[in-house]
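Each chain, written out:
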Amino acid sequence: MFARYGVSPRRFFAAVKRSSRGRGSPGGVRVAPVVRRVQGLALRILAALFLVLASLPLSVLVPPTTPLAPGPAEAMHSITDFNPKSGPPGTEVTITGLGFLTTTIMMVTFGGGASASFTVVDDGTITTIVPTGATTGPITVSGMEPTDIQSTTSDFTVTAAGPTKLAITAITPSSPTAGQSFDVMVEAQDDAGNPTNVDLATNINLFVQTGTGSLGGTFTGSIAPATSSATISGVTYSIAETGVVLRADDDTIPNEAIETGLQPGDSAPFNVVASGGGTTPSAKSMTPVSGDGQTGGTTLPLRDPFVVQVNDASGPVTGHPVSWSIVSAPAGATGQALEILDTTTNGDGKAAVRFTLGDKPGSYTVAARSDLNGDGDTLDTGEEVQFTASAVSVLIRLSPETLRTNIDAGPMDVAIRVEAGQLLDGVQVRLTYGIENLQVVDGDENATNGVQLVPGPDFGQVLQNRVDPTTGVIEFAAGRGASQPAPSGSILLATIKLQGLMEGTHPLIFDATGVEVSYQGQVVTATLRDGQVEVSNYRLVFTAQPVRGAAGFALGVQPVVAVKDIQGNTRTSDNTTVVTLALNGPLGSLLTCAQTVEGVTSAVVVNGVAVFAGCTVNQPGGSYALEATAVGLAPAMTAPFNITLAGDTNADGRVSVTDFSLIVTHFGKTNTHPAWTNPDIMAFRADLNGDRRVSIVDFSIVVSRFGSTGAAVAASNGNPFPTP
């Protein structure tokens, strides 16, 4: 090893010995005899350790290093997990992460297929639906900016959707004879009505859904695995009748309220003829015509009435009584009402009623009932038809609902979001704010139009966009264009750019008289959630910052960031602020700490202080700096510091015996020692990790990197504010 560097062991130790006597060291300092003996003993111990290390193969002393890959572009949000990990289109998926409220989330995609609906539940949660046409691949959450894109590290697996319902697709013959056998074909289908194979044998039971007769013969069957249909032969119907409807169910109880398998399916109405030919005009039938499945706003009447039709063998029945009743409503709902309870059919055999929804969102059920066979008994099969309607309310809120900002900070964004459970045509809002406390900054930077908001992407037509800075009134209205589909879910209506003017908590209040939501000409009830802006004079301050470091090794001084006011007092009540560190340095430089997740280094303050650990910088370079940022607080920047080639004390671009000698010479010194910054000695060079002392850690860095070469970077002097 000594021969490798052109020096014999005897000459090396002679040089060390001369150094211990003060000859050859900068300044020619001599050491007192007692001190010289102690120093000589220490040098002999270190020299012995050096001989042991020198005998090892160079590959042991210098472990191979793997360059750190550059991290991904920084985004304002991150994804940590998602559940479930697989499912067919239509599956609800919950995405967890960070920064979903502080980022304007624009799109969620599955393997490249965009979801038509997603909801930002809170800062760490998004719920979304797997879209039709999605393929297996990562889930990507995208914001407004090109860098605001994050994808999951694992794929969401899209599985084939199984059958969801049964359907009776054929009656053979199409008009069977009473008491004689006929065939019924039953098919398993997906939601779109496509034939879909079953995985397991599926038992089928047939029931009479509409009609006064009864089934006989064989009315059970089974769909075999890996097939989609079965034909049940030998079915009989007891009487001749028109408008008979059969139901196929995989349950043994007809019309069971809680289905455990496939949803039941009905046949098209068919006639059962008498054995002598022709039909017997007998029982009447009642069928739904229109109005089922509507959605409307709470406390509002539905747009369309519920309509039923009563027929007999001759056609529509006029003047037949039909009664109406509310069967179910959401718990605690009030105000739901039918305009009339008893009706009679008109000349077309139709009876109708209008229904007003209650004050609670959810499902409402209304029944139409008629004594078709005139027996006056309890309801028989087919004598009741049910309609359902859903009531929804729209939530209009600010995101974030509490904005924290600093007087020194620039404009901060507050989104006006509309959480809609139904399609919408348009929304208009009015808000008020205190002009002495807050300022709305022009969102389009066009002075000729006055102060305006930044419109969101979900409505194509901006109808009103005005801010009056003299009264503190914000007015905004937008709707969909004629060819634009109606949006739903979490809708970004507009973004307000706010600047805090005075300390304190200042409200942003929705004026209910100026808020209106509509769909297809109907007003939809909206719930309003006001927000507030907390303006402070707090800022971020580095209370500990790196002074220098060795590439690839932990910084000797790890960064600590505190939230302080302008008087220097720490906000000890703060346990929520998230502080993010970024490295300013040469191209390819990378900061990695124990808190780094997917390229983002952030920590939540505890009692107003964020402590970072395990921070390293991957490559040598000069004038590095760390920047700390947090939402609503003035940022902080460290003083410049250098990262040297690990083990290179004298900046000659290699780790050699000279560096080892410098460590030995200054071992134990700290930044308070007179030789630390003495221009003739510069003992600070031996402090490789920048902890302001020369210790066994610096010795270990030299030994582990002995013989390596690289970029030559001069060391910072190790003081809090190093000079060049």
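A quick note: this is a predicted structure, and the numbers were derived from the prediction, not measured.

Chemist: An account of the overall build of the protein chain is requested, with residue identities and associated values reported.
Modeler: Along its length, the protein chain carries five helices and 55 strands. Per-residue burial over the protein chain gives 45% buried out of 724 residues. A fraction of 67% describes how many contacts in the protein chain between residues 6 or more apart in sequence connect residues 24 or more apart. Carbon and sulfur atoms provide 54% of the accessible area of the protein chain, an area that totals close to 33,100 Å².

Chemist: Residues and numbers for the state of the cysteines, please.
Modeler: Scanning all chains against the criterion turns up one disulfide. Disulfide partner of Cys593: Cys615, at an S-S distance of 2.1 Å. Linking Cys593 and Cys615, the disulfide has an S-S dihedral of approximately 110° and is accordingly described as right-handed. Remark: Cys615 occurs in the loop between strand E51 (609–611) and strand E52 (616–617) and Cys593 occurs in the loop between strand E48 (591–592) and strand E49 (596–597); sequence separation between them is 22 residues. Exposure remark for Cys615: the relative accessible area of 0% places this residue in the buried category.

Chemist: Tell me what's going on with a nonpolar patch on the surface, and back it up with residues and numbers.
Modeler: There is a patch of nonpolar side chains on the surface, built from Leu98, Val578 and Val604 and spanning about 220 Å² of accessible area. Turning to its location among the elements, Leu98 is positioned in strand E3 (residues 92–98).

Chemist: Kindly report on the nonpolar core, identifying the contributing residues and their values.
Modeler: For soluble globular proteins, the rule of thumb is that nonpolar side chains tend to be buried together. Core analysis: the biggest nonpolar cluster contains 37 residues, and Ile396, Ile416 and Val429 have the highest contact counts within it. Other than its neighbours up to four places away in sequence, Ile416 contacts Ile396, Arg397, Leu398, Val429, Leu431, Leu453, Ile491, Leu492, Leu493, Ala494, Ile496 and Phe510. Grouped together as the second largest cluster of nonpolar side chains are 26 residues, Val561, Cys593, Val617 and Ala628 included.

Chemist: Lay out the sheet that holds strand E25 (residues 342–344) with the relevant residues and their values.
Modeler: One key point about sheets: their strands pair by backbone hydrogen bonds, in either a parallel or an antiparallel sense. Spatially, E20-E29-E28-E23-E25 is the arrangement adopted by the five strands of the open sheet, whose pairing is mixed. Sheet topology places strand E20 (294–297) and E25 at the edges, where each strand pairs with a single neighbour. Recorded for the sheet is a direction-independent mean angle of 30° between the axes of neighbouring strands.

Chemist: Give me the pairing of strand E54 (residues 633–637): which residues, what numbers.
Modeler: In the sheet, strand E53 (residues 621–630) pairs with E54 via three bridges, with the strands oriented antiparallel. Looking across to E54, one finds that Ala628 is bridged to Ala636. Counting the residues in the hairpin turn of E53 and E54 gives two residues, including Gly632, whose phi is positive at 80°.

Chemist: Can you tell me about the sheet that holds E3, naming the residues and giving the values?
Modeler: Strand order in this open sheet of four strands is E1-E3-E7-E6, and the pairing throughout is antiparallel. In the strand order of this sheet, the two ends are held by strand E1 (78–83) and strand E6 (118–122), each with one partner. For this sheet, the mean inter-axis angle between neighbouring strands, taken without regard to orientation, is 25°. Across five bridges, the pairing between E1 and E3 is antiparallel.

Chemist: So what about the pattern of salt bridges? Which residues, and what values?
Modeler: Two side chains carrying opposite charge are able to pair once their charged atoms lie near each other. In the structure shown here, the tally under the stated rule is 14 salt bridges. Residue Asp511 pairs with Arg430 through a salt bridge whose shortest N-O separation is 3.4 Å. With Asp511 in the loop between strand E39 (504–510) and strand E40 (516–519) and Arg430 in strand E33 (residues 426–432), the pair connects residues that are 81 residues apart, well separated along the chain. On the basis of relative accessible area, Asp511 is assigned to the partly exposed category, the value being 24%. For Arg430, a relative accessible area of 23% translates into the label partly exposed.

Analysis parameters
- Residues numbered from 1 in each chain as written.
- Predicted model: local features only at pLDDT ≥ 70, side-chain atom pairs only at ≥ 80, totals over all residues.
- Heavy atoms only, no water.
- Helix = DSSP H or I, 4+ residues; strand = E, 2+ residues; numbered from the N terminus.
- Buried < 20%, exposed > 50% of the residue type's maximum accessible area, 1.4 Å probe, protein only.
- Contact = heavy atoms within 4.5 Å.
- Areas by Shrake-Rupley, 256 points an atom, 1.4 Å probe, with all protein chains shown as cover.
- Disulfide = S-S within 2.5 Å.
- Patch = residues over 30% accessible without salt bridge, like charges linked within 9 Å, V, L, I, M, F, W, Y side chains within 5 Å.
- Salt bridge = Lys/Arg side-chain N within 4 Å of Asp/Glu carboxyl O.
- Core = buried A, V, L, I, M, F, W, Y, C linked by side-chain atoms within 4.5 Å.
- Pairing = 2+ DSSP bridges.
- Axes fitted to C-alpha atoms, helices over the stretch in contact; angles between N-to-C directions.

The analysis is restricted to geometry; functional conclusions fall outside its scope.
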